Amino acid sequence: MDEPVFDWSYTWEIAPRLLDGLVVTVQATVLATVIATLLGLVLAIGRRSRQRIVAWFVAVVVEFIRSTPLLVQLYFLFFVLPSVGVVLSPLQTGAIGLGVHYAAYMSEVYRAGIESVPRQQWEGAVALGFSRRRTWLSIVLPQAIPPVIPALGNYVVALFKETPLLSAITVVELMQVAQIEGSRSFRYLEAFTLVGVMFLALSTISAAGVRILELRLARS
Amino acid sequence: MPDRELLIRMRGVVKRFGDHTVLDQLDLDVPANEKLALIGPSGSGKSTILRVLMTLEAIDAGIVEIQGERDLAKVRSHVGMVFQQFNLFPHMTVLRNVTEAPIHVLKEDAAQARARAMDLLRMVGLEDRAEARPAQLSGGQQQRVAIARALAMRPRIMLFDEVTSALDPELVGEVLGVMRRLASEGNMTMLIVTHQMDFAREIADRIVFLHEGRILEHGPPSRILDAPEHERTRRFVKALRDR
């Protein structure tokens, strides 16, 4: 009997295992997003530090992260962290690598937002006796962040699509599961088709989420 | 001057922007409660004096003291400033613009700060716009909010930096009206950079004429505006009057 080109019954058989992989992918995405959005903000604020050395150091770190491949950074963390006594799961290591990498990019987005706040706003804050910290919290960040949320959202979607790289450091995420299934049955079409469909579905949903956020911001 | 407390003391103050000397060995004393108008051509250093007092500019040489304190950051909360461009916080309501500093800097109780803010908004005639955003107000209204916001910090000194220059002519009066009331209440020291000579004459105890970063002459409004000693002052006053 000829094998069908696309075997539906095999597809249904592997789908649950791929969904398990998808859960890992989503976990990595969420963790990395939290790291990227928070660390990115810290880096952006650090670049505005009045301590020249701090601002310079942050600029160098951001430039370094952005100029080296994510895969190299992931390998580096995966092999170097344990040797300095930091033992994390592959998923944690991967999420940190992904998060730090995207924090560098997001810090540039935040920076654009911060620079869009006019100098007069800082001066208004000085005239009212605000501390530097209070100026960031009350005046600058509430004006700097809303306009850049769409750009940040686009990086979240991009970050999500880079999670297959984590398979290189043994994270059993969606892509890794598909490879395992393929090598087991020598059928790759169904597994990778499912991977594509799942990524498409989640990307579409999160892109729609970003757009809704954008619209709500535009209205307020 | 009678022996009133000397609130502001500037000696030999120099401020340069690149090659340009904006304040050139400037001396200025301001006793408590004085209403001082600073006039002079653009670039003469009037606004820079206010910006130095507000710690928005660092000086290159000289001494500046407020209430005898040379570290101006320490006495910053005794000084309020109103800007040409209002500098209201656009993401906050009018009310929060006024309460934010008392709550976070003076650590006032929120309900108390709101009550006082409403009193101040009433004083500037805007209590019914408390929940509006700055962008929904006219320039004159925004500037009145900015005055209320500065007053909420209970400053002893108020600095007004060309506060009507960005306003449409028909909105100037409402802002000057608020300043007039403030001046009449007495226990406020006011430094006013202005091109409104009639207003300066009416409100100021003393007018300082600045030229190229120095005080060319100073004295009561009648003398500076009607019988200036220097030709430069005479020309400036005449030019503004003929405008």
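Everything below is about the structure printed above this text.
Cut-off values and rules
- Residues numbered from 1 in each chain as written.
- Chains lettered and ligands numbered in written order.
- Predicted model: local features only at pLDDT ≥ 70, side-chain atom pairs only at ≥ 80, totals over all residues.
- Heavy atoms only, no water.
- Salt bridge = Lys/Arg side-chain N within 4 Å of Asp/Glu carboxyl O.
- Helix = DSSP H or I, 4+ residues; strand = E, 2+ residues; numbered from the N terminus.
- Buried < 20%, exposed > 50% of the residue type's maximum accessible area, 1.4 Å probe, protein only.
- 1 Å grid on protein atoms, 1.4 Å probe; cavity = no way out; pocket = protein on both sides within 12 Å on 5 of 7 lines; lining within 4 Å.
- Points joined across faces, edges and corners; volume = space filled by probe spheres on them.
- Nonpolar A, V, L, I, M, F, W, Y, C, P; charged D, E, K, R; others polar.
- Pairing = 2+ DSSP bridges.
- Polar contact = N/O pair within 3.5 Å; in protein donor to acceptor, adjacent residues only side chain to side chain.
- Contact = heavy atoms within 4.5 Å.
- Axes fitted to C-alpha atoms, helices over the stretch in contact; angles between N-to-C directions.
- Parallel < 35°, antiparallel > 145°, perpendicular 65-115°, else oblique.
- Left-handed = near helix turned anticlockwise from the far one by under 90°.
- Buried area = accessible area lost by both parts, 1.4 Å probe.

Enquirer: Give a detailed account of the pattern of salt bridges, specifying residues and quantitative values.
Expert: Counted under the stated rule, the structure contains 26 salt bridges over all chains. Of the charged contacts, one joins A:Arg184 and A:Glu181 as a salt bridge, the two residues approaching to 3.5 Å between their closest N and O atoms. In this pair, A:Arg184 and A:Glu181 are both assigned in helix α8 (residues 174-185), three residues apart and thus about one turn of the helix distant. A relative accessible area of 4% places A:Glu181 in the buried class. The salt bridge involving B:Arg234 is made with B:Glu231; its shortest N-O contact spans 3.3 Å. Residue B:Arg234 and its partner B:Glu231 are located together in helix α8 (residues 231-242), separated by three residues, close to a single helical turn. A residue is classified by how much of its surface remains accessible, and B:Arg234, at 39% relative accessible area, is partly exposed. Through salt bridges with shared partners, a single ionic network connects A:Arg47, A:Glu108, A:Arg111 and A:Glu115.

Enquirer: A description of the layout of surface pockets should follow, citing residues and the corresponding values.
Expert: Residues and elements named next belong to chain A. Quantified by volume, the largest pocket comes out at close to 340 Å³. Among the elements of the structure, α5 (119-127) and α6 (132-144) are those that each provide at least two residues to the lining of the largest pocket. No other element matches the four residues that α5 contributes to the lining of the largest pocket. Residues that form the lining of the largest pocket fall into these classes: four nonpolar, three polar and six charged.

Enquirer: An account of the pairing of strand β6 (residues 157-161) of chain B is needed here, citing residue identities and associated values.
Expert: All names here are of chain B. By the criterion of burial, β6 is predominantly enclosed, with five of the five residues buried. In β6, alternate side chains face the same way, and those of Ile157, Leu159 and Asp161 on one face and Met158 and Phe160 on the other are all buried. Judged from the four bridges that link them, strand β5 (residues 79-82) and β6 form a sheet pairing that is parallel. Its bridge partner lying in β6, Val82 is registered against Phe160. In the sheet, β6 pairs with strand β7 (residues 189-193) via five bridges, with the strands oriented parallel.

Enquirer: Let's hear about the side chain of A:Ser138: which residues, and what values?
Expert: Tracing the sequence through the fold places A:Ser138 in helix α6. A relative accessible area of 3% means that A:Ser138 is categorised as buried. A distance of 2.5 Å separates polar atoms of two side chains, one belonging to A:Ser138 and the other to B:Glu100. Setting aside residues up to four positions removed in sequence, A:Ser138 forms contacts with B:His91, B:Met92, B:Glu100 and B:His104.

Enquirer: Residue-level account of unusual backbone geometry, with values.
Expert: Backbone phi values are negative for most residues with the exception of glycine, while trans is the configuration of most peptide bonds. Residue and element names in this part refer to chain B. Of note in the backbone geometry, Gln25 takes a positive phi value of approximately 55° without being a glycine. Relative to the assigned elements, Gln25 resides in strand β2 (residues 20-31). One non-glycine residue with positive phi stands out, namely Asn33, at about 70°. Tracing the chain through its elements places Asn33 in the loop between β2 and β3 (35-39).

Enquirer: So what's going on with the packing of helix α1 (residues 8-47) of chain A against helix α7 (residues 149-161) of chain A? Residues and values would help.
Expert: Residue and element names in this part refer to chain A. Where α1 contacts α7, the axes come no closer than 9 Å and their chain directions differ by 140°. Between α1 and α7, the angle is such that the two are oblique. When the axes of α1 and α7 are compared, the crossing they make is right-handed. Contacts between α1 and α7 pair Thr25, Thr29, Ala32, Thr33 and Ala36 from the former with Val156, Leu159 and Phe160 from the latter.

Enquirer: Can you explain the sheet that holds β5(B)? Please cite residues and give values.
Expert: All names here are of chain B. Ordered in space as β5-β6-β7-β3-β8-β9, the six strands form an open sheet in which the pairing is mixed. On the outer flanks of this sheet lie β5 and β9 (214-219), each paired with one strand and no other. Going across the sheet, the axis of each strand differs from the next one's by a mean of 20°, ignoring polarity. Bridge count between β3 and β7: four bridges; the pairing is parallel. Note on β7: the bridge partner recorded for Leu36 is Leu191.

Enquirer: Now, about empty space enclosed by the protein: what can you tell me, with residues and values included?
Expert: All names here are of chain B. Evaluation of the coordinates by the stated rule reveals one cavity of 30 Å³ or more. In this structure, the largest cavity encloses a volume near 40 Å³. The set of elements that each furnish at least two residues to the lining of the largest cavity consists of α5 (169-184) and β7. Considered class by class, the residues forming the lining of the largest cavity number six nonpolar, four polar and one charged.

Enquirer: Now, about the interface of chain B and chain A: what can you tell me, with residues and values included?
Expert: Accessible area lost upon the coming together of the parts is a frequently used measure of interface size. Of the residues lining the interface, 21 residues belong to chain B; the matching set on chain A comes to 16 residues. Taken over both partners, the interface formed by chain B and chain A buries close to 1,600 Å², and the fraction arising from carbon and sulfur atoms is 62%. Of all residues in chain B, B:Arg76, B:Phe89 and B:His91 give up the largest surface area on contact with chain A, accounting jointly for 32% of the area buried on that side. Taken together, the connections running from chain B to chain A amount to one salt bridge. Measuring nitrogen to oxygen at the nearest pair gives 2.6 Å for the salt bridge that ties B:Arg51 to A:Glu123. Applying the counting rule to chain B against chain A returns eight residue pairs in polar contact (both at pLDDT 80 or more). Sorting the residues of the side of chain B that touches chain A by element identifies β5, α2 (94-104) and α4 (139-151) of chain B as the ones contributing at least two each. The biggest single contributor to the side of chain B that touches chain A is α2(B), with three residues.

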